[in-house]
Amino acid sequence: MGIEGLINPRGFVIVDKHQRNPKYQNVFGAGVCIAIAPLEATPVPVGVPKTGYMIESMATAIAQNLKEILADKEPTHQGSWNAICLADFGDGGVVFVAQPQNPPRNVNWSSSGKLVHQAKVAFEKYFLRKVRKGSTEPYYGEGGDVDAEHLQAEEQETGLRSGPSECKTGAE
Ligand SMILES: Cc1cc2nc3c(=O)[nH]c(=O)nc-3n(C[C@H](O)[C@H](O)[C@H](O)COP(=O)(O)OP(=O)(O)OC[C@H]3O[C@@H](n4cnc5c(N)ncnc54)[C@H](O)[C@@H]3O)c2cc1C
């Protein structure tokens, strides 16, 4: 099925760590359409979850790599494998942070409560404002990625319950 070397047998685009297809070097892939090897065999075959947070970093890496390639340099930029997800239940919600998404992780945090609903609403307003303004640089673009200490401080401040993350990104 498909073009040999461009996609895997299930139709997902094959990319290297710089989001570039190894055989067709003028093809780049980002997002849910790319092939990511599963971590382990499962009774029901499921792929590795791909979430918006990590996908945005893939797109940023592609843009930066294209700039390097146009300057006759080798691409050096890579997407992050971090996941930050807010699941809104209407009157509450669940949030988790997994950095990187696949274990072993540096940050493994989850929380729940009414504030998650409010945070999701706030994020949507922030996101739509960026769309309207055409601003593509993420807030964490200058190295402001969430760290464990920051999360713990926020947890104390907000009173959100936290615990070991059992949330799987595939469940969103
Ligand atoms: C309810 C929900 C909550 C989520 N919450 C989070 C979260 O809190 N955090 C997080 O990180 N991620 C979250 N995600 C996941 C995140 O939204 C997706 O992983 C991400 O949007 C995928 O991006 P993508 O660009 O790969 O695909 P998409 O965003 O699906 O973009 C694909 C685009 O291609 C278009 N398209 C499809 N076929 C064609 C065609 N033939 N021709 C032209 N255009 C086509 C589609 O219309 C679409 O616009 C959530 C997802 C859902 C559904």
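Above this text you will find the structure in question.
Draft legend 1. Examining the site of the ligand more closely. Around the ligand, the surrounding shell holds 11 residues, and the nearest of these are Gly-31, Thr-51, Gly-52, Tyr-53 and Cys-85. Of all the secondary-structure elements, those providing two or more residues to the shell around the ligand are helix 1 (52-70) and strand 1 (83-88). For the shell around the ligand, a count of residues per class yields 6 nonpolar, 3 polar and 2 charged. Of the domains in this structure, domain 1 (1-80) and domain 2 (81-171) are the two that each give at least three residues to the shell around the ligand.

Draft legend 2. Focus on helix 1. The terminal C-alpha atoms of helix 1, which comprises 19 residues, lie 27 Å apart, in line with the 27 Å expected from a rise of 1.5 Å per residue. Along its buried surface, helix 1 packs onto strand 1. Remark: Asp-72 follows helix 1 within two positions and exhibits a positive phi of approximately 60°.

Draft legend 3. Fine view of unusual backbone geometry. Across the junction of Gln-99 and Pro-100, the peptide omega takes the value -10°, indicating a cis bond. Along the chain, Pro-100 turns up in the loop between strand 2 (93-99) and strand 3 (107-112). Of note, the amide linkage connecting Pro-103 to Pro-104 takes the cis form, showing an omega dihedral of 0°. With respect to the element layout, Pro-104 can be found in the loop between strand 2 and strand 3.

Draft legend 4. Structural context of the pairing of strand 1. Pairing of strand 1 with strand 2, which is carried by 6 bridges, proceeds in the antiparallel orientation. Looking at strand 2, one finds that Ile-84 is bridged to Val-97. Between strand 1 and strand 2, which follow one another and run antiparallel, lie 4 residues, and Gly-90 among them has a positive phi close to 95°.

Draft legend 5. Local environment of the nonpolar core. In terms of nonpolar packing, the biggest core is built from 19 residues, with Ala-83, Phe-96 and Val-97 touching the most fellow members. Of all the secondary structure elements, the ones that give two or more residues to this core are helix 1, strand 1, strand 2 and strand 3. Sorting elements by how many residues they give to this core places helix 1 first, with 5 residues. Of the residues that make up this core, three or more belong to each of domain 1 (1-80) and domain 2 (81-171).

Reading the values: rules and limits
Residues numbered from 1 in each chain as written. Predicted model: local features only at pLDDT ≥ 70, side-chain atom pairs only at ≥ 80, totals over all residues. Near = placed C-beta within 6 Å. Helix = DSSP H or I, 4+ residues; strand = E, 2+ residues; numbered from the N terminus. Nonpolar A, V, L, I, M, F, W, Y, C, P; charged D, E, K, R; others polar. Domains from an automatic or database assignment. Expected span 1.5 Å × (residues − 1). Contact = placed C-beta atoms within 7 Å. Pairing = 2+ DSSP bridges. Core = buried A, V, L, I, M, F, W, Y, C linked by C-beta atoms within 7 Å. Buried ≥ 20, exposed ≤ 12 C-beta atoms within 10 Å, placed from the backbone.

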